[in-house]
Amino acid sequence: MKKEDLTIFIKSEAERLGFDICGIAKAETVSEETIQGYNDWIGQGNHATMGYLERNCEKRFDPTQLVERCRSIICVALNYAPTQSIEGIADYAQGKDYHKIVKDRLYLLLQSINNICKVQGRAFCDSAPVMERYWAVTAGLGYIGRNRQLIIPGKGSKFFLGELFVDIELCYDAPYTRNLCGNCRKCIEGCPGMALSDDGLDANRCLSYLTIEHRGKLPENIGKMMGNCFYGCDRCQAVCPHNRFATPNEIPELQPGVELLEMTTDNWNTLTKEQYDILFAGSAVERCGYEQLVRNITALNEIKSEK
Ligand code: SF4
Ligand code: SF4
């Protein structure tokens, strides 16, 4: 099959598998400017304790270090905008673990390609040293907003990103070169932790990092910033005008279970390990762990009891 026809086939297969958008980038070393920006960001300690972001940079910047003779990066996005937000829990964590959902679909896509031509590849979704948003921009999916999220014009930012690195040549999309933030600064102004600035994100101050990735004690008075969020924080997306285009996803695995929908504030305050296991089996929230989730809920309650 000619690469033009194969490219059309791959994009139609991606759509059939439920991905909302698919673009393809040529697998080249990441641009010098991006590498410099990334290294500066790390050098300034903005990644907090996420040491894994410092490691494997040779893989992060060179796709052939992850897949031998990698020639193309197929980038996809899967909508996770919920029908309604659940108090306390970030929208992306309402259903089952997105890493598996996205990668399973990408491996089905790889299988479909393999039925047509011999291809070697690997699927990624927030699971390896991959510059996901860089590749999404390069593949023409959208641009990186001031909230550091990938914004897909006309669709918003509530999307999981995934990539299929393959060793075949395809037709490539033009990179997305526009920035549609304009004069808007709603995310910077609305960030409770003052984690966002024109220089980017300081994870040390980001509630999403602090409530999920950060181990040990939380900073003093963090409850004041948390609002009602004890797992993640969606505020820089909630205020973003691009998300007015968001439409609820209809993926069965991403829907919240009835147990989660029925949780009350009192239930959260007395959450047991057994309840946690039922609520979050196979969910991304497992990454946080029971003790940390209780730590977060306690921090919220300390502030409430002071009022
Ligand atoms: S997730 Fe919350 S704390 Fe982090 S940058 Fe966005 S608004 Fe700020
Ligand atoms: S809130 Fe405004 S500045 Fe922030 S990402 Fe959205 S459009 Fe850009």
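**Student:** I keep staring at the overall build of the chain and nothing clicks. Help me out?
**Tutor:** Helix and strand counts for the chain come out as 13 helices and eight strands. Taking 307 residues into account, the globule formula puts the C-alpha radius of gyration at 19 Å, and the chain, at 20 Å, falls close to it. Along the three orthogonal principal directions, the C-alpha set of the chain runs to about 65 × 40 × 35 Å. Taken across its 307 residues, the chain has 41% of its residues classed as buried. A separation threshold of at least 6 residues defines the contact pool for the chain, and within that pool the share at least 24 residues apart is 78%.

**Student:** What's the story with the site of ligand 2 in this structure? I'm lost.
**Tutor:** Every residue lining ligand 2 is accounted for by Gly145, Arg146, Asn147, Cys181, Cys184, Arg185, Lys186, Cys187, Val239, Cys240, Pro241 and His242. The residue makeup of the shell around ligand 2, split by class, is six nonpolar, three polar and three charged. Three or more residues apiece are contributed to the shell around ligand 2 by two domains, here domain 1 (3-166) and domain 2 (186-248 + 256-306).

**Student:** Explanation requested: the pairing of strand E2 (residues 72-79) in the structure shown.
**Tutor:** Within E2, eight of the eight residues are buried, which leaves the element mostly enclosed by the surrounding structure. Of the two faces of E2, both are covered, the one formed by Ser72, Ile74, Val76 and Leu78 as well as the one formed by Ile73, Cys75, Ala77 and Asn79. One ladder, built from six bridges, connects strand E1 (residues 21-26) with E2; its direction is antiparallel. Within E2, the position partnered with lysine 26 by the bridge is serine 72.

**Student:** Is there a simple way to explain the environment of alanine 299 in this structure?
**Tutor:** With respect to the helices and strands, the residue alanine 299 is situated in helix H13 (residues 290-306). Once the C-alpha coordinates of alanine 299 and methionine 226 are considered, the two residues, 73 residues apart in sequence, prove to be 8.7 Å apart. Filtering out sequence-adjacent residues up to four positions away, alanine 299 remains in contact with Leu218, Ile222, Gly223 and Met226.

**Student:** I keep staring at the sheet that holds E1 and nothing clicks. Help me out?
**Tutor:** Strand pairing within a sheet occurs via backbone hydrogen bonds; the two strands may be parallel or antiparallel. In space, the four strands of this open sheet follow the order E1-E2-E6-E3, with antiparallel pairing throughout. Looking at the sheet topology across the chains shown, the edges are occupied by E1 and strand E3 (121-124). Direction aside, the axes of adjacent strands within the sheet are offset by 20° on average. Direction of pairing for E2 relative to strand E6 (residues 159-166): antiparallel, over a ladder of eight bridges. Within the sheet, the bridge partner assigned to valine 76 lies in E6 and is glycine 162. Seen against the sheet, helix H4 (residues 98-114) touches E2, E3 and E6 and runs at an angle of roughly 35° to E6.

**Student:** Hey, could you run me through the nonpolar core in this one?
**Tutor:** Nonpolar side chains in soluble globular proteins generally cluster together in the buried interior. Cys75, Val76, Ala77, Leu141 and Tyr231 are the most contacted members of the largest nonpolar core, which has 80 residues in total. Of all the elements, H4 adds the most residues to this core, at seven residues. With residues near it in sequence (within four places) discarded, cysteine 75 still touches Cys22, Gly23, Ala25, Trp135, Ala136, Ala139, Leu141, Leu161 and Glu163.

**Student:** How should I be thinking about the pairing of E6 in this particular structure?
**Tutor:** Look at any regular strand and the pattern is simple: side chains alternate between the two faces of the sheet. Buried residues dominate E6, accounting for eight of its eight residues. A two-sided burial pattern is seen for E6, the buried positions comprising Phe159, Leu161, Glu163 and Phe165 on one face and Phe160, Gly162, Leu164 and Val166 on the other. Bridging between E3 and E6 involves four bridges; their strand directions are antiparallel. Within E6, the residue paired with alanine 123 across the bridge is leucine 164.

**Student:** Sorry, what's going on with the domain arrangement of the chain here?
**Tutor:** Accessible area lost during the coming together of the parts is what is often quoted as the interface size. By domain assignment, the chain separates into domain 1 (3-166) and domain 2 (186-248 + 256-306). Computed over C-alpha atoms, the centres of domain 1 and domain 2 are 24 Å apart. Facing the 32 residues of domain 1 at the interface are 34 residues of domain 2. Grouping the constituent residues of the side of domain 1 that touches domain 2 by class yields 11 nonpolar, 13 polar and eight charged.

**Student:** Mind showing me how you'd approach the environment of valine 119 here?
**Tutor:** Locating valine 119 in the fold gives a position in the loop between H4 and E3. What makes valine 119 partly exposed here is the crowd of 17 C-beta atoms within 10 Å. Separated by 113 residues in the primary sequence, valine 119 and leucine 6 place their C-alpha atoms 12 Å from one another. In this view, valine 119 contacts Leu110, Ile113, Asn114, Val166, Asp167 and Ile168; residues no more than four positions away in its chain are not counted.

**Student:** Would you explain the environment of leucine 300 in this entry?
**Tutor:** Structurally, leucine 300 can be placed in helix H13. Overall, leucine 300 belongs to the buried group, with 22 C-beta atoms counted inside 10 Å. In this structure, the C-alpha to C-alpha distance between leucine 300 and glycine 227, residues 73 residues apart in sequence, is 7.7 Å. Among residues more than four places away in sequence, those in contact with leucine 300 are Gly223, Met226 and Phe230.

Conventions we followed
Residues numbered from 1 in each chain as written. Chains lettered and ligands numbered in written order. Predicted model: local features only at pLDDT ≥ 70, side-chain atom pairs only at ≥ 80, totals over all residues. Helix = DSSP H or I, 4+ residues; strand = E, 2+ residues; numbered from the N terminus. Rg over C-alpha atoms; globule rule 2.2 N^0.38 Å. Buried ≥ 20, exposed ≤ 12 C-beta atoms within 10 Å, placed from the backbone. Contact = placed C-beta atoms within 7 Å. Near = placed C-beta within 6 Å. Nonpolar A, V, L, I, M, F, W, Y, C, P; charged D, E, K, R; others polar. Domains from an automatic or database assignment. Pairing = 2+ DSSP bridges. Axes fitted to C-alpha atoms, helices over the stretch in contact; angles between N-to-C directions. Core = buried A, V, L, I, M, F, W, Y, C linked by C-beta atoms within 7 Å.

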